[in-house]
Every structure is written in structure tokens, then in C-alpha cells.
Protein chains: 2
Amino acid sequence: MSENVEFLKTNALFKNASPQFLKDASAAISVKRFDKNFVFFINSDEAQSFYFIKQGWVKLFRETLDGSQAIVDICTGGHIFGETAIFENNQYPYSAEAVEPCEIATIPLDLLKTEIETNNKFALDMMGSMARYRRQQDREIEHRALQNAPQRIGCFLLRLADQTADGGVTIQLPYDKMLVASRLGMQPETFSRALNKLKEKTGMEIKGGTIKLDDLEKLTDFSCSACSSSFPCNDLQSCK
Amino acid sequence: MSENVEFLKTNALFKNASPQFLKDASAAISVKRFDKNFVFFINSDEAQSFYFIKQGWVKLFRETLDGSQAIVDICTGGHIFGETAIFENNQYPYSAEAVEPCEIATIPLDLLKTEIETNNKFALDMMGSMARYRRQQDREIEHRALQNAPQRIGCFLLRLADQTADGGVTIQLPYDKMLVASRLGMQPETFSRALNKLKEKTGMEIKGGTIKLDDLEKLTDFSCSACSSSFPCNDLQSCK
């Protein structure tokens, strides 16, 4: 049975997808709900599919020999994951797990591979998407070298906020605080201390996952001075 | 006057370059020597060219509003830089400066753009190259979260060493120690302390830029336990 795959086009990567790709994807796609903690694949698994998130949050991570976990990314609706396996000898370069109940479309990786090989516009879009991810990673590496922990939390919050807002804003954390800490590569205790420091510096109020700030500029003054991007930030990224 | 551009093929990206690209590059390329500290371009400059390093080391970096410098990469012979400007509205996403006297080929960016748009094999190779860089960055981010400073220096040295060597090895630092520290995003004093700790843990001897180790395994035991890559390391990268 064919499914409507128009939703793929909410991701800029698919805006120039060929009618043939959409037809094949429509015949082969499977859309399902997955429980929290469902593991889609493990780092180095042989890759058959890539995934499109219709709803929910998915954690991409790798594990070290001594059992620690490094978050590669945390992605939400409209994003794909697992697709870079086509450049990694068909092995997933990370593990993927649902952070909460998710609705996910599973699509054969071969369709993506054929589309890249035969549709040059799509290949260009794929490169554009990889370049955006590269910029995001460059900034991440820069911040880990130059920003202190409170500044990095500040930057994370800024990317969730309406940066054009004049004056006060309310920011909603997209997932729980401990996951934000891992996303930022911080130990829970470092994260807590840094968050307190950030409150002190900016006067923000935190209640559960809701953060209120009476002046966004206090946050940008604090975080963006230790960043090479201009403000308003050009480096807003796909996955937060 | 046309120049021989066969040397481009030492970079895997150009293995499927079309005869037309090579012909056009041959007519437009300029190969010159540049002094130490020569600045090829500044972050956000409008991009006209990309660069191929024939010899020497080039530092790619960004600067923050408060004047700190973050190293994006340090590249040597056989590598290109500035090419991703084609995905960044024709602006360079970082600054580039010669770390030592260099021999560099300058090539119009338009030729690369046309080649990507018209030669699908080349586009695929470009994506492969971007994916390798992505893996390198993922590992870098992981290490900054999970490895301590001595382990990160250990990993840097391992990437310079012959990892298949049985027993003792001699490793030559490719550039001076302070640049290694910035490459790893460490303050000079952190770097010195960490290097001493690493000496203590592995028994390595350091004389200037030469490092001797009687047993490579001591270094891998120390560093690779806090890494998600398998050993021998699959994540060996182009730029060290």
C-alpha cells in the first residue's frame, strides 16, 4: 500500500526529490509509533534504512569502551537520522534511541543512495545539509574550547528562544535537564552549578522545564561575547 | 600558461575529476610560496578561490568577540581549504593563516562549483569527503566530553604514530607545542600539566618535538579506553 510521503518535504533536503524517489519511498515507507527507550540501531550495525522523525525526540550517541556515553545529537520532528551510513560502508556511525514516544518513518537507505547518484539537485541539497551540520559541529567544538559551562548553557537556551524578541522571553526546555546536560557534554553536577551561576548572572527564573527571562540581552551579553558568530545568531541549527 | 595539475589527484576528492575541470583548473591555477603568518582570508570574506596545500601547514580558525581564537583545523600537504564557502553563500566560514612557509595552489571556486553541479561522481566524492570530516568532528566533540586532557593528548599522538608498530615508536610533533595545545582547545598551562601526567602514565620521553615511547600499547590502554572507536583506530583523519 502506498503512503502519502508529502511530509518528507518539511525537511529541506527533500525539496528537490525526484517524482521517482517519492513514488518508491511511498511504496516502501513504514510509519510507526515507537516507545520511549526504543533502540533503532546500534553503532556499527549494518544499515538498511534511514529514519524520518514525524514526532518526538531521538537521541544519537556513541559509547566508549569504559561505558560512558557521548551524545552526538538530539533530533526532533522534521529531521532524519541514520542517512550518513551510506558514506560509512553501510554501517551506522552512532546508536539511536527514542527519548520519548515517537512517530517515525522508516525508509530503505538504497532509495536515498539511488537518488543521490541520479538526481544532481538532490545531491547538492544533501551537500548543503552536510555543510550546515558541519557549521553546527564547528561551533560546538569552538564553544567547548572557549566558553565556560554557564555560557554554553546560555547559548543552548538562546537557540531555543525567539531571538528577535524585544525584552522578556519564556523558554521551554525540549527534554529533561539531565539530557540537556549530556547533550552539552557536562556532568550533572557541573550542569547544576553552571545553571545556578547563569541564574545569578542573568536573573532568569527556572521552574521545572520553564525558564523566564525579563531581558534576552542579558543572556546574549553573557554568552555571545565568547563566540565567533555574530548576533542575531547565523548558526541556528536543525537539531537543538 | 597552463600548469600541470596532476598533483590535485593526491587528494581523493579529485580522483573522479572530469577532464574539463582539470583543463580549466590547469589554465586558472596559480601556485605560489607564502610566508609564515600569511593570511589567506578572514572569516566572512567573500570567497573567490579555494586552496590546495602542496607543502606546509595552514591553520583554520575563528575569533570570538572577546578576542579568543578557536582552531577549526590545522591542515597540511594534499589537503584543500576554503572549499565549503560554496555552501555558505560564498563566504569563508573561518579564517586561514600559514603556520610556516607554504606552497599553495589557488583555484577559482567557480570551477569547483561547476564540477559539483555537472559531474555526479565528483559530487559523490565531495559528500564522502564531507562525511569523513563529520566523523572526525564527532570524535572531537566526544573526546572533549569524555576524555581528560592527558587522554586527548595521547589520542593526538596516536594519530601521528604508526599504529601497526609492534613495541616502541618515535613520534614527531608536526608543529610547535603551543599550536598543538590550541588545536586541542587547551590553555598552555593545562597542556603542560597534562603532558607531564601523560609522561608519568606511559613512560614516554619528550625532547623538543620528538617523543619516544617503548610500548605503544601503554598509550592506547591509556587513551582508547575513553573512546567509542575501535582500535586500530578507524577514525584516522585527513587533517591531524
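The structure displayed is predicted, hence computed values, not measured ones. (Residues numbered from 1 in each chain as written. Chains lettered and ligands numbered in written order. Predicted model: local features only at pLDDT ≥ 70, side-chain atom pairs only at ≥ 80, totals over all residues. Heavy atoms only, no water.)

**Thoughts on the interface of chain B and chain A**
Each partner contributes residues to the interface: chain B has 44 residues there, and chain A has 44 residues. Of the roughly 4100 Å² buried between chain B and chain A on both sides combined, carbon and sulfur atoms contribute 59%. Area buried by chain B at its contact with chain A is led by R62(B), M127(B) and R134(B), which between them contribute 17% of it. Summed over the shared surface of chain B and chain A, the number is four salt bridges. Of the charged contacts in the structure, one is a salt bridge between R135(A) and E88(B), with a shortest N-O distance of 2.2 Å. Here chain B is connected to chain A by 16 residue pairs in polar contact (both at pLDDT 80 or more). Of all elements in the fold, only β4 (57–63), β5 (69–76), α2 (109–118) and α3 (120–146) of chain B reach the threshold of two or more residues within the side of chain B that touches chain A. Element by element, the count of residues in the side of chain B that touches chain A is highest for α3(B), at 19 residues. When grouped by side-chain class, the residues that make up the side of chain B that touches chain A number 18 nonpolar, 13 polar and 13 charged. (Contact = heavy atoms within 4.5 Å. Buried area = accessible area lost by both parts, 1.4 Å probe. Salt bridge = Lys/Arg side-chain N within 4 Å of Asp/Glu carboxyl O. Polar contact = N/O pair within 3.5 Å; in protein donor to acceptor, adjacent residues only side chain to side chain. Helix = DSSP H or I, 4+ residues; strand = E, 2+ residues; numbered from the N terminus. Nonpolar A, V, L, I, M, F, W, Y, C, P; charged D, E, K, R; others polar.)

**Brief notes about the packing of helix α4 (residues 149–160) of chain A against helix α7 (residues 216–224) of chain A**
Angle between the axes and distance between the axes are the two parameters that describe a pair of packed helices. All names here are of chain A. At a minimum axis distance of 8 Å, the contact between α4 and α7 shows a crossing angle of 130°. By the angle between their axes, α4 is oblique relative to α7. By crossing handedness, the relation of α4 to α7 is classed as left-handed. Here P150, Q151, G154, C155, L157 and L158 of α4 come into contact with α7, specifically with L216, L219, T220, F222, S223 and C224. In terms of residue class, the contact of α4 with α7 is made up of eight nonpolar, four polar and no charged. (Axes fitted to C-alpha atoms, helices over the stretch in contact; angles between N-to-C directions. Parallel < 35°, antiparallel > 145°, perpendicular 65-115°, else oblique. Left-handed = near helix turned anticlockwise from the far one by under 90°.)

**Details of the packing of aromatic side chains**
According to the stated counting rule, one finds 34 aromatic pairs over all chains in the structure shown. Arranged with centres 5.0 Å apart and planes meeting at 80°, the rings of W57(B) and Y175(B) form a pair that is edge-to-face. One end of the pair, W57(B), is in strand β4; the other, Y175(B), is in the loop between β9 (169–172) and α5 (177–183), with 118 residues separating them in the sequence. With respect to burial, W57(B) and Y175(B) carry one shared label: buried. Cluster of aromatic residues (ring-pair linked, three or more members): F34(A), F38(A), F40(A), F41(A), Y51(A), F81(A), Y92(A) and Y94(A). (Phe/Tyr/Trp six-rings, centres within 6.5 Å; stacked < 30°, edge-to-face > 60°. Buried < 20%, exposed > 50% of the residue type's maximum accessible area, 1.4 Å probe, protein only.)

**What to know about the domain arrangement of chain A**
All names here are of chain A. By domain assignment, chain A separates into domain 1 (2–129) and domain 2 (147–236). Taking only C-alpha atoms, the centre of domain 1 and the centre of domain 2 are 29 Å apart. Of the residues lining the interface, seven residues belong to domain 1; the matching set on domain 2 comes to five residues. Between domain 1 and domain 2, roughly 550 Å² of surface is buried when both sides are summed, and carbon and sulfur atoms account for 73% of that area. (Domains from an automatic or database assignment.)

**Some remarks on helix α3 (residues 120–146) of chain A**
Residue and element names in this part refer to chain A. With 27 residues, α3 ought to run about 39 Å at 1.5 Å a step, and its terminal C-alpha atoms sit 39 Å apart, in line with that. The buried fraction of α3 amounts to 21 of the 27 residues, a majority that puts the element mostly inside the structure. The N-terminus of α3 is capped by N119, whose side-chain oxygen sits 3.1 Å from the backbone nitrogen of K121. (Expected span 1.5 Å × (residues − 1).)

**So, the relation of the copies chain B and chain A**
The transformation that overlays chain B on chain A combines an axial shift of 0.0 Å with a rotation of 180°, and the residual RMSD is 0.0 Å. The operation mapping one copy onto its partner corresponds to a two-fold rotation axis. Both copies present the same face, since 100% of the interface residues in chain B are matched by interface residues at the equivalent positions in chain A. (Least-squares fit on C-alpha atoms with pLDDT ≥ 70 in both.)

**Topic: the sheet that holds strand β8 (residues 102–108) of chain B**
Residue and element names in this part refer to chain B. Judged by pairing direction, the sheet is antiparallel, and its four strands sit side by side in the order β1-β8-β3-β6 without closing on themselves. Of all strands in the sheet, those bounded by a partner on one side alone are β1 (30–34) and β6 (80–81). Of the pairings in the sheet, the one linking strand β3 (residues 49–55) to β6 comprises two bridges and is antiparallel in character. Of the residues in β6, the one forming a bridge with F52 is I80. Sheet strands touched by α2: β3 and β8. Its angle to β8, the strand with the most contacts, is close to 60°. (Pairing = 2+ DSSP bridges.)

**Some points on the side chain of Q137(A)**
Within the secondary structure, Q137(A) sits in helix α3. For Q137(A), a relative accessible area of 2% gives the class buried. Ignoring sequence-local partners within four residues, the contact set of Q137(A) consists of R134(B), Q137(B), D138(B) and I141(B).

**Here we look at the pairing of β5(B)**
All names here are of chain B. β5 sits mainly inside the fold: six of its eight residues count as buried. Pairing analysis gives seven bridges linking β4 to β5, with the strands arranged antiparallel. Among the inter-strand pairings, K59 is bridged to a residue of β5, identified as I74. Linking β4 back to β5 in an antiparallel pair, the connection comprises five residues, with G67 at a positive phi of about 90°.

**Some details on the pattern of salt bridges**
This model, assessed by the stated rule, comprises 14 salt bridges over all chains. The partner of R183(A) in a salt bridge is E140(A), and the shortest N-O contact between them spans 3.8 Å. In this pair, R183(A) sits in helix α5 (residues 177–183) while E140(A) sits in helix α3, placing the two residues 43 residues apart along the sequence. Comparing R183(A) with E140(A) shows no difference in burial state: the two are buried. For R144(B), the salt bridge goes to E140(B), with nearest N and O atoms at 2.9 Å. Placement of both R144(B) and E140(B) in helix α3 is noted, with a separation of four residues, approximately one turn of the helix. An identical accessibility class is assigned to R144(B) and E140(B); each is buried. One network of salt bridges, in which partners are shared, links D73(A), E140(A), R144(A) and R183(A).

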